Amino acid sequence: MRILVFAKQVPDTTEVKVDPVKGTLIRDGVKSIMNPEDKNALEAALQLKDKFGAKVTVITMGPPTAEAILRESYAMGADEAVLITDPLYAGADTWVTSMILARTAQIIGFDLILTGRQAIDGDTAQVGIEIAEHIGIPVIAYATDITLKDDTVVVTRELDNTYEVISTKLPCLITCTKDLNKPRYMRISNIFGCFDKPITILNNSILKFDKNEVGLVGSPTKVKKTFTKGPKVQGTIFNGTPEEGVEVILSKLKSEKIINA
Amino acid sequence: MEFLLTKEQLLARELFREFAEREVKPLAQKVDEEEYFPQETVRKMAEIGMMGIPFPKDLGGAGGDYVTYTMAVEELAKYCATTAIILSAHTSLCCYPIYMWGTEYQKEKYLKPLVKGEWLGAFALTEPNAGSDAGNQQTTAKFVDDYYILNGSKIFITNGGKADVFIVFAMTDKSKGTKGISAFIVEKGFEGFRIGKPENKLGIRGSSTTELIFEDCKVPKENLLGAEGMGFKIALQTLDGGRIGVAAQALGIAEGAIAEVLKYVKERKQFSKPIGSFQGIQWYIADMITKTEAAKLLVYNAAMKKDKGILTSADAAMAKKYASDVAMEVTTQAVQIFGGYGYTKDYPVERMMRDAKITQIYEGTNEVQKMVIAAQYIK
């Protein structure tokens, strides 16, 4: 079985700051990490590999520095890593990104594609399902449990106030939530060696898109305005017992008329 | 030090930081207050390969190096000095001598399960009357019918009550003095071997520190480590590595205390200002950080030299002595900065201060370290 995992490198914060002039993310000084729910997707792939045997390929699209999350994937136990990088793709919206990722998946070949539900920087939750749409395979989003029997997956998925259990046949795509599993740590023995493993680089000379189809130019989404939320008011720290703390919070809530006295 | 670390070492450090924050930090207070040995943490450390970091992959190790192992101890010690010393005693004091002086049989039988973390290791040199004077071993080993028969007792043995395998030192020929000491690999189930009383300690309270008792303990002759009479040399060279582990533990404790202080001085207000805005506090912090950074240079220097095979006893002794003195000073200062709150168990700095003290004492008191350092330079 061949499993593809699409992962994204994101800034390690849920409070992303935006450059007020350029409208782009300020990445300086912010550590980059593998998007948390993409790590859940990788863990799901590795669990299937442990159970049934599979070749797990992690694919990311981004600048060359996105290599870091591919090394981490190797250290967790992935078998292959692919970096899609081309200046032509810069500024791609979810539609264009998913189109590029879909073509990559078709070139590599797969039985199952796993992605995170959404990235903590963009929070769109669109790319995974759009990949499936471009390829024309079934998709199950928001998985909290995946079981595989022969060529059928049974997935529990979480909706706003209900769970659904859905099954479909391979090949298909599943987007994974943080409740699906607890991603494993890297293995130290994998860390020593992971920088010697190959990373396949794919660029537009292989993926062959027309330059007007991709990047900012090809993206139908036009960003009108990007801004940072106003700063939060400085919090206060109360030292005391939990019981005293409850009293302090209650009286504060009452005095602000948030709850009734 | 960042610029001297390899990509692998930096990535491993990321892993240790994540692991320590998620698995070690939440248990640290319980480990201290309940003298709780964090068995589940040791199991998780084994899973990721932490119990065999500097050993080759073909022996079941992680294929890493001593610097990486040192960083692992450091990162654990930032939150829990007990967890750090469990790893250090296991790796430096038990796995390492078997790796260096063990036979193929001993590596297969003992080192492989140890580095995989299936077994835990310990090292038994100290006796009630052989502390700093470690050469004065009273435990004896007599060769009878393919067995060495051990008699005597050991004291203050780290991991004592939890270890599966012990490196035990005993006199095989008293007439030869320290050249009559030999090293043995002893399993916890060997006939005539039992664990004595656990110590009730000031710090590293979750660490299992016990007495070991040998009463006609039968050790098969193939469990002699190295040759007869090599024991003291094995002990001293092993301790050179062990001291880097203790130095890393001390470094981690100091760094952990500084992190707590940096958080606290921004939150705590007196005279309507965060106390970190006062120059008096700033000067304390500047000194704490400078000394800790200096300690780090000595610790990493020793670890890097060990990886290159050029470590001297004085390198390890200087790292251990300096880092442990800094840890004691920094943690004491941290308690002072926290004031009355620092003296309570509501904050971790009092624990760090109690934990720091042992790093000045074990694996050779700092006075012994000075003897080692001076001996190398005054010839």
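Note that the structure is a prediction, hence the values are computed from the model and not measured. (Residues numbered from 1 in each chain as written. Chains lettered and ligands numbered in written order. Predicted model: local features only at pLDDT ≥ 70, side-chain atom pairs only at ≥ 80, totals over all residues.)

A.B. asks: Looking at this structure, I do not really get the pairing of strand 1 (residues 2–6) of chain A. What am I missing?
C.D. replies: Residues and elements named next belong to chain A. In terms of burial, strand 1 is a largely internal element, four of the five residues being buried. Where strand 1 and strand 4 (residues 55–61) come together, five bridges link them in parallel fashion. In the strand pairing of strand 4, phenylalanine 6 is matched with isoleucine 59. Sheet topology note: the strand 1/strand 6 (residues 112–116) ladder contains four bridges and is parallel. Each bridged residue has a counterpart across the sheet, and for leucine 4 the counterpart in strand 6 is isoleucine 113. (Buried ≥ 20, exposed ≤ 12 C-beta atoms within 10 Å, placed from the backbone. Helix = DSSP H or I, 4+ residues; strand = E, 2+ residues; numbered from the N terminus. Pairing = 2+ DSSP bridges.)

A.B. asks: What exactly am I supposed to notice about the nonpolar core here?
C.D. replies: Among soluble globular proteins, nonpolar side chains are generally buried collectively. Counting residues in each nonpolar core, the largest one holds 186 residues, and the members touching the most others are Val5(A), Phe184(B), Val299(B) and Ala323(B). The greatest single-element share of this core, amounting to 17 residues, is contributed by helix 7 (residues 231–267) of chain B. (Core = buried A, V, L, I, M, F, W, Y, C linked by C-beta atoms within 7 Å.)

A.B. asks: I keep staring at the domain arrangement of chain B and nothing clicks. Help me out?
C.D. replies: Quoted interface sizes are often the accessible area lost when the parts come together. All names here are of chain B. Considered domain by domain, chain B is made up of domain 1 (2–120), domain 2 (122–232) and domain 3 (239–377). For domain 1 versus domain 3, the distance between C-alpha centres works out to 21 Å. Elements with a contribution of two residues or more to the side of domain 1 that touches domain 3: helix 2 (28–33), helix 4 (66–79) and helix 5 (81–101). For the side of domain 1 that touches domain 3, a count of residues per class yields 13 nonpolar, four polar and five charged. (Domains from an automatic or database assignment. Nonpolar A, V, L, I, M, F, W, Y, C, P; charged D, E, K, R; others polar.)

A.B. asks: Whenever I open this one, the sheet that holds strand 6 of chain A confuses me. Can you help?
C.D. replies: Think of a sheet as strands paired side by side through backbone hydrogen bonds, with each pair either parallel or antiparallel. All names here are of chain A. One open sheet holds the nine strands; their spatial order is 9-8-7-10-6-1-4-5-11, and the pairing between them is mixed. Two strands in the sheet have a free side with no partner beyond their single neighbour: strand 9 (163–169) and strand 11 (200–202). Neighbouring strand axes in the sheet, compared pairwise and without regard to direction, differ in orientation by 30° on average. On top of the sheet, helix 1 (residues 36–52) reaches strand 1, strand 4, strand 6, strand 7 (139–149) and strand 10 (172–176); it is set at about 145° to strand 6, its chief contact. The strands touched by helix 3 (residues 94–108) are strand 1, strand 4, strand 5 (80–84), strand 6 and strand 11; relative to strand 4, the strand with the most contacts, the crossing angle is about 150°. (Axes fitted to C-alpha atoms, helices over the stretch in contact; angles between N-to-C directions. Contact = placed C-beta atoms within 7 Å.)

A.B. asks: Explain the packing of helix 9 (residues 313–338) of chain B against helix 11 (residues 366–377) of chain B to me, please; I cannot follow it from the model alone.
C.D. replies: Each pair of packed helices gets described by two things: the angle between the helix axes and the distance between those axes. Residue and element names in this part refer to chain B. Packing of helix 9 against helix 11 brings their axes to within 9 Å, and their N-to-C directions diverge by 145°. You can see that helix 9 and helix 11 cross each other, and the crossing is left-handed. Between helix 9 and helix 11, the residues in contact are Ser313, Ala314, Ala317, Met318, Lys320, Lys321, Ser324 and Asp325 and Asn366, Gln369, Lys370, Val372, Ile373, Gln376 and Tyr377, respectively. Residues belonging to the contact of helix 9 with helix 11 are distributed by class as follows: six nonpolar, five polar and four charged. (Left-handed = near helix turned anticlockwise from the far one by under 90°.)

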